[in-house]
Amino acid sequence: MLVGDREADGGQSGRMGARDERRPGPAPTVCGDVEVGLLADRALRDRAAGQVVAVFQRSFYAVIDGIWICVGQAGIGSGPLHVLGDFRWPRLAVGDPVRVADSMLWIAGVPLANLASRTIWAPRDAPHWSIGSLQRGLDAVDAAWGDELTSEGLAVLGSGRVPGDASLLVRAAMPGLAALERILSGSDHDADRDAGLGSLIGLGPGLTPSGDDLIGGALIALAALGRTECRDALWEQCRALLDGTNDISRVHLRAAALGYGAAALHAAIHATMSGEGAGFRRALAALTAIGHTSGLDAFAGSLVVLRHELRG
C-alpha cells in the first residue's frame, strides 16, 4: 500500500516482540547518500531517540519520539515513512536503541547514516486531467488489469465488476466496498460501521492486510483528485475502526489519510488521471513488486475512486 508491502519488505518474515538471540551481521558502514520520506524527516532531528519495533530482511521499523519510520534498502521503493540507502546494519532486535546525534542516525550503538545531505522525498503534485484523459487512462488500466494480476488479494475489485466465482476474501470485502461507494456518492447513512467499512479493516493476512491497502489507495486517490471533503469523511469512519488492524498498518493508513503513499502508487494514479498509458505500464511494474499483492490491492482502492469519478 501503501508504502510498504505485505510484510514491509518483499514478503520477508519479520519480528515484532521480544529480543532475538544475537548473531553476527554484516560489517556496518555509514551511508551518506540517503533519501528520507517527508513524514520520516519529522523524526530525524538531533537528540531524537527511540527504538526498533520490527525487523525484516531488507528493512526495519523504528519509533523515534513517537514518530514511525521505516529504514530500508533502496529497492523497497520511496515512500513518506521511508529512510532509504545502501545500508549495512548490525544484526538487530526489537528494542534496540535508535537516536539522532549531530546529523547521524545511530542504530543499536552503531552509526548507520549521515543525514546532513539527505534528500527529501515527497509525491509530485497531481497532474492536470480531464474526463477524457481519465477515460484514456482507465482504458489503459483495463487492457492490463486481467486475471494474471487480479487472481489474488482484492485487486479484482478495481476492475469495476466482481466475478461470480470470487474468492472468500473478495466476498468478505463486499460490505466494505458497498460502504465505500456510499461514501463516494455522499449517501452514507449507515450507522453500523462494523458491517460496512469495518469488514475491510484488517481483512487479509500480513502486516498491511488487503482491506487496509484498498482503503489506503482510496484515500490517496481522493487526495489526488482534490476531493478532500470525501477523503476526510472516509477517514473519519476508518479512524474509529483502527483497533481492528495492527500498528504498522495503522501508521500507513494515517499517512494515506494525509494523501501520502508508495511512490509507485502515486505514479499509477497520476498516469491514469492524465491518460498516460506508457506511464501507467511503468508504474504497474513497480506496483507488482510491492509485496505479494499489497501494491495491487492499494491501486484497486484507487481505481474504485477513479471509476466513480468518471461516472460522475
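Residues numbered from 1 in each chain as written. Predicted model: local features only at pLDDT ≥ 70, side-chain atom pairs only at ≥ 80, totals over all residues. Heavy atoms only, no water.

Draft legend 1. Layout of the overall build of the protein chain. Along the protein chain, the regular secondary structure elements total nine helices and nine strands. Counting every position in the protein chain, which comprises 312 residues, the buried fraction comes to 54%. Counting contacts in the protein chain only where the partners sit at least 6 residues apart, residues at least 24 apart contribute 71% of the total. On the protein chain, roughly 13,100 Å² of surface is accessible, and the fraction owed to carbon and sulfur atoms is 49%. (Helix = DSSP H or I, 4+ residues; strand = E, 2+ residues; numbered from the N terminus. Buried < 20%, exposed > 50% of the residue type's maximum accessible area, 1.4 Å probe, protein only. Contact = heavy atoms within 4.5 Å. Areas by Shrake-Rupley, 256 points an atom, 1.4 Å probe, with all protein chains shown as cover.)

Draft legend 2. View of helix H1 (residues 131–144). Along its 14 residues, H1 runs 20 Å from first to last C-alpha, staying within 8% of the 20 Å computed at 1.5 Å per residue. Among all positions of H1, only Ser133, Leu134, Gly137, Leu138, Ala140 and Val141 are buried. Taken down its axis, H1 places every buried residue within 155 degrees of arc, on the same side. Looking at the buried side of H1, the elements it contacts are helix H7 (263–274), helix H8 (277–288) and helix H9 (294–311). (Expected span 1.5 Å × (residues − 1). Arc of directions from axis to C-beta.)

Draft legend 3. Quick peek at the packing of aromatic side chains. All told, the structure shown has six aromatic pairs when counted by the stated rule. Aromatic pair Tyr61 and Trp68: ring centres 6.2 Å apart, planes at 65 degrees, arrangement edge-to-face. For the pair Tyr61 and Trp68, a shared accessibility class is recorded, and that class is buried. One aromatic cluster is present, formed by Phe56, Tyr61 and Trp68 through successive ring pairs. Between the NZ or CZ atom of Arg99 and the centre of the ring of Trp106, over which it lies, the distance is 4.6 Å. (Phe/Tyr/Trp six-rings, centres within 6.5 Å; stacked < 30°, edge-to-face > 60°. Lys NZ or Arg CZ within 6 Å of the ring centre and 35° of its normal.)

Draft legend 4. Examining the pairing of strand E5 (residues 82–85) more closely. Of the two faces of E5, both are covered, the one formed by His82 and Leu84 as well as the one formed by Val83 and Gly85. By the bridge criterion, two bridges tie strand E1 (residues 35–37) to E5 in an arrangement that is antiparallel. Paired with Glu35 across the two strands is Leu84, which belongs to E5. Across four bridges, the pairing between strand E4 (residues 67–73) and E5 is parallel. Along E5, the bridge assignment pairs Val71 with Val83. (Pairing = 2+ DSSP bridges.)

Draft legend 5. Up close: the sheet that holds strand E8 (residues 110–114). Judged by pairing direction, the sheet is mixed, and its nine strands sit side by side in the order E8-E7-E6-E2-E3-E4-E5-E1-E9 without closing on themselves. The sheet is open, and its two edges are formed by E8 and strand E9 (119–121), each paired on a single side. With strand direction ignored, the average angle separating the axes of adjacent strands in the sheet is 30 degrees. With five bridges joining them, strand E2 (residues 49–55) and strand E3 (residues 59–64) adopt antiparallel strand pairing. Residue pairing in the sheet places Gly50 in a bridge with Ile64 of E3. Across the face of the sheet, helix H6 (residues 247–257) comes into contact with E2, E3 and E4 while running at roughly 100 degrees to E4. (Axes fitted to C-alpha atoms, helices over the stretch in contact; angles between N-to-C directions.)

Draft legend 6. Spatial organisation of the pattern of salt bridges. Under the criterion given, the structure shown has eight salt bridges. Between Arg239 and Glu236 there is a salt bridge, with the nearest N and O atoms lying 2.6 Å from each other. One end of the pair, Arg239, and the other, Glu236, are both in helix H5 (residues 228–239), three residues apart, so they sit about a helical turn from each other. On the accessibility criterion, Arg239 (44% relative accessible area) is partly exposed. Connected through salt bridges with shared partners, the residues Asp41, Arg45 and Arg118 form a single ionic network. (Salt bridge = Lys/Arg side-chain N within 4 Å of Asp/Glu carboxyl O.)

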